[in-house]
Amino acid sequence: MLELRNITKQVGAETHLSDISLRLERGTLNVLLGPTLSGKTSLMRIMAGLDRPSSGTIHVDGVDVTGVSPQKRDVAMVFQQFINYPSMTVYDNIASPMRVAGADRQSIDEAVQRAATLMKLTPYLDRTPLNLSGGQQQRTALARAIVKNAGLVLLDEPLANLDYKLREELRAELPRIFAESGTIFVYATTEPSEALLLGGNTATLSEGRVTQFGRTIEVFRRPADLITARTFSDPPLNTVAMHKSNGAFSLEGGVSFPATDALHAIADGAYTMGFQPHHLSLSRTAPDAVALRAVVTALEITGSESFVHLRFAGADWIMLTPGVQNYAVGEEIEVFLDPRLLMVFDGAGRAVGQATAMAA
Amino acid sequence: MEKTWNNKAWFLVLPVLVLVAFSAIIPLMTVVNYSVQDTFGNNQFFWAGLDWFDDTLHSSRFWEALWRNLLFSGIILAIQIPLGIFIALHMPKRGWGVPVCLVLMALPLLIPWNVVGTIWQVFGRVDIGLLGRALAGLGVDYNYVQDPFDAWATIVVMDVWHWTSLVVLLCYAGLVSIPDAYYQAARIDGASRWSVFRFIQLPKMQRVLLIAVLLRFMDSFMIYTEPFVVTGGGPGNETTFLSIDLVKMAIGQFDVGPAAAMSLIYFLIVMLLSWVFYTVMTNYGQGDER
């Protein structure tokens with residue numbers, strides 16, 4: 001078990017990480033989800049022992065390892081860039097962690113062959129990394145991490161520089177490969193969809209803070225606050241200001257609808273309401289769906305889906321809807337929203353009346 | 001579009017042809033012209049065939065000078081390349097030290113060759129030079145005018161002072177282009193300082209090192225100005241390199257024919273050795289860099 005206690009990292013006047021506490025269990029897959037510069041890499045570097053936290057401690061199975069150097073940490077790391085020893089062959093690259101550890105020739109060979117088979121590198125063992133494609137280079141780096149058989153495997157956006165097809169392929173293989181070894185697996189990504197595809201647990205990061213940590217699906221469905229909801233939404237979360245009084249919600253522009261059961265109990269006052277882009281629809285999905293009139297500001301059509309950019313009461317929204325939808329920019333259209341899918345956040349950005357967005 | 005066929009393209013190539021003709025081909029052909037004839041002045045020329053080439057290749061003077069050149073280049077490479085790598089490895093990668101170091105490194109490169117020669121000529125003088133006096137004060141018997149070893153040492157140290165910076169700057173450029181992640185990965189692997197150098201930094205510097213070796217070899221092999229200013233080729237002929245000998249022969253003795261033959265041979269040697277260096281080093285690096 002890896003435990004971070006109140007980790008803070010300050011570089012000069014800048015705070016890269018502030019007061020992060022996490023417990024990662026053996027045999028789990030943990031996603032660090034957050035935009036660029038949210039602190040994912042800083043956190044991983046501290047987990048690896050490459051950097052020392054400004055304050056706070058790191059414990060592995062209850063033992064404080066805060067000042068311990070990376071090579072004594074039993075950790076493997078794969079980076080966004082394809083990092084291999086340029087002059088060594090693929091075989092020697094994969095073997096390098098075991099050679100440093102002083103393993104015997106036979107067990108090195110067995111481990112290298114096994115990792116090469118897993119990563120489909122067997123035909124390329126005699127080549128040097130720069131004579132490989134990007135995907136093969138990253139597979140070599142991943143094979144090095146596998147061979148090391150470390151208790152903690154850190155993957156820092158390992159698929160970000162690969163093309164789409166390879167990403168899909170490797171993303172499906174990775175959790176399976178590492179799950180078998182019972183290691184703690186940490187995966188940093190900027191993409192909400194990647195976190196959902198990987199499953200496991202997710203910690204959402206924003207501006208150096210962990211805003212929420214829990215099972216990936218739970219965090220996605222029930223974000224604890226507006227920042228988490230925004231971090232975990234792609235395309236961006238739709239929000240609009242809302243006011244509650246007399247058991248009803250009213251939006252700007254004269255739209256009003258009764259509060260759902262879960263939200264009935266919250267105090268009267270001003271809130272922010274949020275919902276996912278695919279929760280807007282062109283037809284009435286539920287009998288009590290709220291009808292809203294919004295103006296089309298832009299259209300993006302992928303073929304199977306259309307991203308309709310809308311403007312409603314001063315807020316910019318995106319509707320993700322199936323099929324090709326053709327509208328003129330400036331056209332006013334009617335869209336529907338199921339009030340049971342709403343997430344409601346108070347003035348401080350905390351989610352209120354949870355048990356929403358179940359149909360996500 | 002219909003393709004038209006005519007000879008207009010020659011007009012586009014013409015300026016380059018004229019330029020190259022005047023800057024390279026015509027001067028070279030003049031030398032070729034001298035090398036196969038004999039002259040006693042008065043613009044009178046007599047056909048000499050390949051006699052001058054034959055003479056040059058059978059003169060001990062030529063082979064001795066050539067040997068000195070090779071020895072000098074060998075010493076220069078053996079000192080400047082490792083020293084340049086060593087300094088580059090210890091230069092700061094960020095902060096205020098970077099511009100300071102870069103300017104300090106660039107300074108020797110900005111000084112004209114004959115000025116460098118003059119500086120060291122004065123610097124090393126036993127009667128007034130700082131270095132010469134200091135060494136004498138320490139009881140070292142140093143005199144570059146009389147002692148061949150001291151003359152060689154002076155020229156080598158001078159060249160190291162003048163040109164190591166070039167190797168440093170090239171290596172430094174190679175080093176700073178290595179992403180930080182390589183060093184982090186090495187730290188996680190528990191790689192030693194030597195392994196980091198041997199398996200990350202050296203392979204990543206390979207290309208710039210190739211350029212550095214080529215540049216330093218060609219330049220040191222063609223050395224003229226500095227030894228000419230400092231030692232004038234002496235004591236005796238101890239520091240007479242091919243280029244100095246060439247000038248002595250052509251201008252001092254006005255033996256234009258032999259000098260032309262010698263300069264052609266010299267030229268071919270430089271070309272041949274550069275080609276060998278280039279081929280060997282690029283082949284060696286194949287598979288590592290692409």
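Residues numbered from 1 in each chain as written. Chains lettered and ligands numbered in written order. Predicted model: local features only at pLDDT ≥ 70, side-chain atom pairs only at ≥ 80, totals over all residues. Heavy atoms only, no water.

### A few points about the overall build of chain B
Test applied: Secondary structure elements are defined from DSSP: runs of H or I of at least 4 residues count as helices, runs of E of at least 2 residues count as strands, and each element is numbered from the N terminus. The atom set for the radius of gyration is the C-alpha atoms, and the globule formula is 2.2 Å times the number of residues raised to the power 0.38. With a 1.4 Å probe rolled over the protein chains alone, any residue whose accessible area is under 20% of its type maximum counts as buried; one over 50% counts as exposed, and the rest are partly exposed.
Each helix and strand in chain B was counted, giving 12 helices and 2 strands. In sequence order, chain B lays out its α and β elements as α-β-β-α-α-α-α-α-α-α-α-α-α-α. For chain B, the C-alpha radius of gyration of 24 Å lies well beyond 19 Å, the compact-globule estimate for 290 residues. In chain B, buried positions account for 41% of the 290 residues.

### Quick look at the interface of chain A and chain B
Which entries qualify depends on this criterion: By definition in these notes, contact holds between two residues if any of their heavy atoms fall within 4.5 Å. The term buried area means the drop in 1.4 Å probe accessible area that two parts suffer when joined, counted for both and summed. We count a salt bridge whenever a side-chain nitrogen from Lys or Arg sits within 4 Å of a carboxyl oxygen from Asp or Glu. By the criterion applied in these results, polar contacts are pairs of N or O atoms within 3.5 Å in which, for protein atoms, one can donate a hydrogen and the other can accept it, and in which residues neighboring in sequence qualify only through two side-chain atoms. For this scheme, ten residues count as nonpolar: Ala, Val, Leu, Ile, Met, Phe, Trp, Tyr, Cys and Pro. Four count as charged, namely Asp, Glu, Lys and Arg, and the remainder, Gly too, count as polar.
Contact residues are listed per partner, giving 25 residues for chain A and 19 residues for chain B. Here chain A and chain B share an interface that buries about 2100 Å² over both sides, 57% of which is from carbon and sulfur atoms. A per-residue breakdown of the area chain A buries against chain B is headed by Tyr85(A), Pro86(A) and Leu130(A), which together make up 25% of the total. On the surface where chain A and chain B come into contact, there are 1 salt bridge. Here Asp189(B) ties to Arg144(A) by a salt bridge, and the two come within 3.6 Å at their closest N and O atoms. There are 4 residue pairs in polar contact (both at pLDDT 80 or more) connecting chain A and chain B. Looking at the side of chain A that touches chain B, the element that brings in the most residues is strand β6 (residues 75-78) of chain A, giving 3 residues. In terms of residue class, the side of chain A that touches chain B is made up of 14 nonpolar, 8 polar and 3 charged.

### Structural notes on the sheet that holds strand β5 (residues 63-64) of chain A
Residue and element names in this part refer to chain A. Rules: Note: two strands are recorded as paired if DSSP finds a minimum of 2 bridges between them.
Spatially, the 4 strands line up as an open sheet ordered β2-β1-β4-β5, and their pairing is antiparallel. Each edge of the open sheet carries a strand with a single partner, namely β2 (14-24) and β5. Relative to strand β4 (residues 55-60), strand β1 (residues 2-11) is paired through 5 bridges, and the arrangement is antiparallel. Bridge pairing in β4 places Arg5 opposite Thr57.

### Re empty space enclosed by the protein
Where empty space is left in the structure can be found by rolling a water-sized probe over the atoms. This is how the line gets drawn: Buriedness for pockets is judged along seven lines, at least five of which must meet protein on both sides within 12 Å for an open set on the 1 Å grid over protein atoms alone, while cavities are sets there where a 1.4 Å probe fits but cannot get out, and lining residues have an atom within 4 Å of a point. Grid points are joined across faces, edges and corners, and a volume is the space filled by probe spheres set on the points.
In the structure shown here, the tally under the stated rule is 4 cavities of 30 Å³ or more. If you add up the space inside the largest cavity, you get close to 110 Å³. Lining the largest cavity we find 13 residues, and of these Met77(A), Ala141(A), Arg144(A), Ala145(A) and Asp189(B) sit closest to its centre. When contributions to the lining of the largest cavity are tallied by element, the ones reaching two or more residues are β6 and α4 (134-148) of chain A together with α8 (180-189) of chain B. Among the elements that take part in the lining of the largest cavity, α4(A) stands out by supplying 4 residues, more than any other. In this model, the second largest cavity occupies a volume close to 50 Å³. The wall of the second largest cavity is formed by Trp113(B), Asp159(B), Trp163(B), Arg216(B), Asp219(B), Ser220(B), Ile223(B), Tyr224(B) and Glu226(B).

### Regarding the sheet that holds strand β13 (residues 256-258) of chain A
Across a sheet, strands are paired by hydrogen bonds formed along the backbone, either parallel or antiparallel in direction. All names here are of chain A. Spatial strand order, β13-β12-β11-β14-β20-β21: 6 strands in an open sheet with antiparallel pairing. Only two strands of the sheet have a single partner each, and these edge strands are β13 and β21 (351-352). In the sheet, strand β11 (residues 238-245) pairs with strand β14 (residues 269-275) via 7 bridges, with the strands oriented antiparallel. Each residue of the ladder has a partner; that of Lys244, found in β14, is Gly269.

### Topic: the pattern of salt bridges
Residues and elements named next belong to chain A. Counted under the stated rule, the structure contains 25 salt bridges over all chains. Linking Lys120 and Glu173 is a salt bridge whose minimum nitrogen-to-oxygen distance equals 3.1 Å. Linking Lys120 in the loop between α3 (105-118) and α4 with Glu173 in helix α5 (residues 164-179), this pair joins segments that are 53 residues apart in sequence. Under the relative-accessibility criterion, Glu173 is labelled buried at 8%. Through salt bridges with shared partners, a single network forms among Glu3, Arg5 and Arg23.

### A word on the environment of Gln80(A)
Residues and elements named next belong to chain A. In this structure, Gln80 sits in the loop between β6 and α2 (90-101). Remark: the alpha-carbon pair of Gln80 and Ser306, spanning 226 residues in sequence, is separated by 31 Å. Of note is the side chain of Gln80, whose polar atom sits 3.1 Å from the side chain of Asn161.

### Notes on the confidence of the model for chain A
Put simply, the rule reads: Confidence per residue, as judged by the predictor, is encoded in pLDDT with a range of 0 to 100.
Mean pLDDT over chain A: 87, with 98% of residues reaching 70 or higher. Considering only residues more than four positions removed or in separate chains, one finds that residues 355-360 of chain A, a stretch of pLDDT under 50, has 18 contacts.

### Some thoughts on α3(A)
All names here are of chain A. The test is simple: Under the convention used throughout, the expected extent of a helix is 1.5 Å for every residue step, that is, one less than its residue count. Working definition: the arc comes from the directions between the helix axis and the C-beta atoms, pointing outward to the latter.
Under the 1.5 Å per step criterion, the end-to-end length of α3 is 20 Å for 14 residues, consistent within 8% with the ideal 20 Å. Buried within α3 we find Ile108, Ala111, Val112, Ala115 and Ala116. In an axial view of α3, the angular spread of the buried residues amounts to 130°, which keeps them on one side of the axis. Turned more than 90 degrees off the buried face of α3, the exposed positions are Gln106, Arg114 and Thr117. Of the surrounding secondary structure, the elements contacted by the buried residues of α3 are α2 and α4. Looking one or two residues beyond α3, the residue adopting positive phi is Lys120, at roughly 55°.

### Side note on unusual backbone geometry
All names here are of chain A. Of the consecutive residues Asp234 and Pro235, the connecting peptide bond is found in the cis state with omega at 5°. Within the secondary structure, Pro235 is located in the loop between α8 (226-231) and β11. A positive phi angle is found at Asn246, which is not glycine, with a value near 55°. Considering the arrangement of structural elements, one finds Asn246 in the loop between β11 and β12 (248-251). Unlike most non-glycine residues, Ala313 shows phi in positive territory, near 50°. Relative to the helices and strands, Ala313 resides in the loop between β17 (305-312) and β18 (315-322).

### Section: the packing of aromatic side chains
Cut-off, in case you're wondering: The rule is short: rings of Phe, Tyr and Trp, with Trp giving its six-membered ring, pair when the centres are within 6.5 Å, and they are stacked under 30 degrees, edge-to-face over 60, tilted in between.
On inspection of all chains with the given rule, the structure shows 18 aromatic pairs over all chains. Taken together, a centroid distance of 4.9 Å and an interplanar angle of 20° make the contact between Phe312(A) and Trp317(A) stacked. This pair shows no difference in class: Phe312(A) is buried, exactly as Trp317(A) is. Here the aromatic residues Phe217(B), Phe221(B), Tyr266(B) and Phe277(B) are joined through ring pairs into a cluster of three or more.

### With respect to helix α9 (residues 193-221) of chain B
Stated precisely, the cut-off is as follows: Here the bend at each residue means the angle between axes fitted to two seven-residue stretches, the one ending at that residue and the one beginning there.
For α9(B), built from 29 residues, the straight-helix expectation of 42 Å at 1.5 Å per residue is missed by more than 12%, its first-to-last C-alpha distance being only 35 Å. Of all the bends found along α9(B), the most pronounced is centred on Gln206(B) and spans about 55°.

### Digging into the packing of helix α3 (residues 60-89) of chain B against helix α7 (residues 148-176) of chain B
Residue and element names in this part refer to chain B. What counts here: Every angle, taken between N-to-C directions, lies between 0 and 180 degrees, and every axis is a line fitted to C-alpha atoms, over only the stretch in contact when it is a helix. The cut-offs work like this: below 35 degrees is roughly parallel, past 145 is roughly antiparallel, 65 to 115 is roughly perpendicular, and the gaps in between are oblique. The handedness criterion is simple: a crossing whose near helix is rotated anticlockwise from the far helix by less than a right angle is left-handed, and one whose near helix is rotated clockwise is right-handed.
Where α3 contacts α7, the axes come no closer than 7 Å and their chain directions differ by 45°. In terms of orientation, α3 and α7 fall into the oblique class. Judged by the sense of rotation from one axis to the other, the crossing of α3 with α7 is right-handed. Here the residues of the contact of α3 with α7 are counted per class, giving 21 nonpolar, 3 polar and 2 charged.

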